[in-house]
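Letter by letter, the chains look like this.
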Amino acid sequence: MAKLILSMDGLVLKEIPLNKERITIGRKPHNDIQIDNLAISGEHAAIVTILNDSFLEDMNSTNGTLVNGQAIKKHFLRNMDVVELGKYKLKYMSDVSAGTAQADTEKTMILRPGVNRSPEQKRSFTDTQSHVPKPPPAPVVSPSAAIQLLNGGNAGKELELTKTLTTLGKPGLQVAVIAKRPHGYFITHVEGAQFPVVNGESLDAQAHLLKDHDVIEIAGIKMEFFLKA
C-alpha cells in the first residue's frame, strides 16, 4: 500500500497510508489530512488512489501545490515524489516497484526462448521444454473501449480510452477519471460538489465499474461508454 510521509523542516510528523480512494488535504478539520497552518487553504488538495495509481489534484488553493519543486494542478504521483504545501512536505512512497520488476522479468522469460535460434536449436528447446518451469499465465487484458459524447457542441465525437487514466469534466466545476485496469474500466469522482451520474443514478466516492453502454453525465455533458470489438 502506498503512503505519505508528512514532514516540516526535515522533521517527520506523521505517516499516512493511502487506504481510501479519496483523501483530502487542507486546513479545515473535516480533511483527512489536516494541516493547521495559514499557508494551507481550507481545502487545499486531494489524492485519488485507484489500485496502484495515485492522482494528486490542487483544489484551487491560494498558495498552490508543488511536486518536486514544480507547480501543478493535476499530477500522477510516482514513487519518491515530494509534494510541497507551504513549509510542509509530503513524500509519496509506493511499494509497487518490486511487482513491476517482477513483471518485467516474467516478460523477458516469455520472450527469450526462440529468439534468433536456428531450427535445430528450436527443436532442441521444444524437446527439453518440459523440464523448464513454465512462466505464469499472462494477465487478463481489458478489451479496448471508448466514450461517445451525446450532447453539446461535440455531440457524436468519440474518445478512445487508451490511457491508464483519462480525465473528464471541467476543472473547478466537476472532474472525474476513468481508470483502465486488467479487469475493466472504473470511474471515480475527483473534484466538485456533484458526483458523476451513471444511468441516472449519482455515484459515491467509491470507484464504479463501467458496463457496456453505460450513460455517464459529468458537468452537464452526457456520454456513452462502450466496449469495442
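Not measured: the values here are computed from a predicted model.

What counts and how
Residues numbered from 1 in each chain as written. Predicted model: local features only at pLDDT ≥ 70, side-chain atom pairs only at ≥ 80, totals over all residues. Heavy atoms only, no water. Helix = DSSP H or I, 4+ residues; strand = E, 2+ residues; numbered from the N terminus. Contact = heavy atoms within 4.5 Å. Polar contact = N/O pair within 3.5 Å; in protein donor to acceptor, adjacent residues only side chain to side chain. Phe/Tyr/Trp six-rings, centres within 6.5 Å; stacked < 30°, edge-to-face > 60°. Buried < 20%, exposed > 50% of the residue type's maximum accessible area, 1.4 Å probe, protein only. Pairing = 2+ DSSP bridges. Salt bridge = Lys/Arg side-chain N within 4 Å of Asp/Glu carboxyl O.

All right, on to the environment of His 44 then. Looking at where His 44 falls in the secondary structure, it is placed in the loop between strand S4 (33-34) and strand S5 (45-50). As for His 44 and Arg 27, which are separated by 17 residues in sequence, their C-alpha atoms are 7.5 Å apart. Not counting residues up to four positions away in its chain, the partners in contact with His 44 are Ile 25, Gly 26, Ala 39, Asp 58, Met 59, Ser 61, Gly 64, Thr 65 and Leu 85. Among the polar contacts listed, one links the side chain of His 44 to the side chain of Ser 61, at a separation of 3.3 Å.

Another aspect to go through is the packing of aromatic side chains. Aromatic rings in a pair are described by how distant their centres are and how their planes are angled relative to each other. By the definition in use, this model includes 2 aromatic pairs. Measuring from centroid to centroid gives 5.1 Å for Phe 55 and Phe 76, while their planes differ by 50°, and the two rings are tilted. Of this pair, Phe 55 sits in strand S6 (residues 53-58) while Phe 76 sits in strand S9 (residues 74-76); the two residues are 21 residues apart in sequence, bridging distant segments of the chain. The class of Phe 55 is buried, set by a relative accessible area of 2%.

Pairing of strand S12 (residues 145-149) with strand S21 (residues 221-227), which is carried by 5 bridges, proceeds in the antiparallel orientation. When the bridges of S21 are listed, Gln 148 appears paired with Glu 224. Two successive antiparallel strands, strand S20 (residues 215-218) and S21, enclose a turn made up of 2 residues, where Ala 219 displays a positive phi of approximately 50°.

A few words now on the environment of Ala 179. In this structure, Ala 179 sits in strand S15 (residues 174-181). What makes Ala 179 buried here is its relative accessible area of 0%. Considered as a pair, Ala 179 and Leu 161 are 18 residues apart in the sequence and their alpha carbons are 8.7 Å apart. If near-sequence neighbours (up to four positions away) are discounted, Ala 179 is found in contact with Ile 50, Thr 164, Leu 165, Gly 184, Tyr 185 and Phe 186.

Scanning the entire structure with this criterion turns up 5 salt bridges. Here Asp 53 and Arg 181 are joined by a salt bridge, their closest N and O atoms 2.5 Å apart. With a gap of 128 residues between them, Asp 53 in strand S6 and Arg 181 in strand S15 connect regions that are remote in the sequence. Measuring nitrogen to oxygen at the nearest pair gives 3.1 Å for the salt bridge that ties Glu 160 to Lys 228. Of this pair, Glu 160 sits in strand S13 (residues 158-160) while Lys 228 is found in the segment after S21, placing the two residues 68 residues apart along the sequence.

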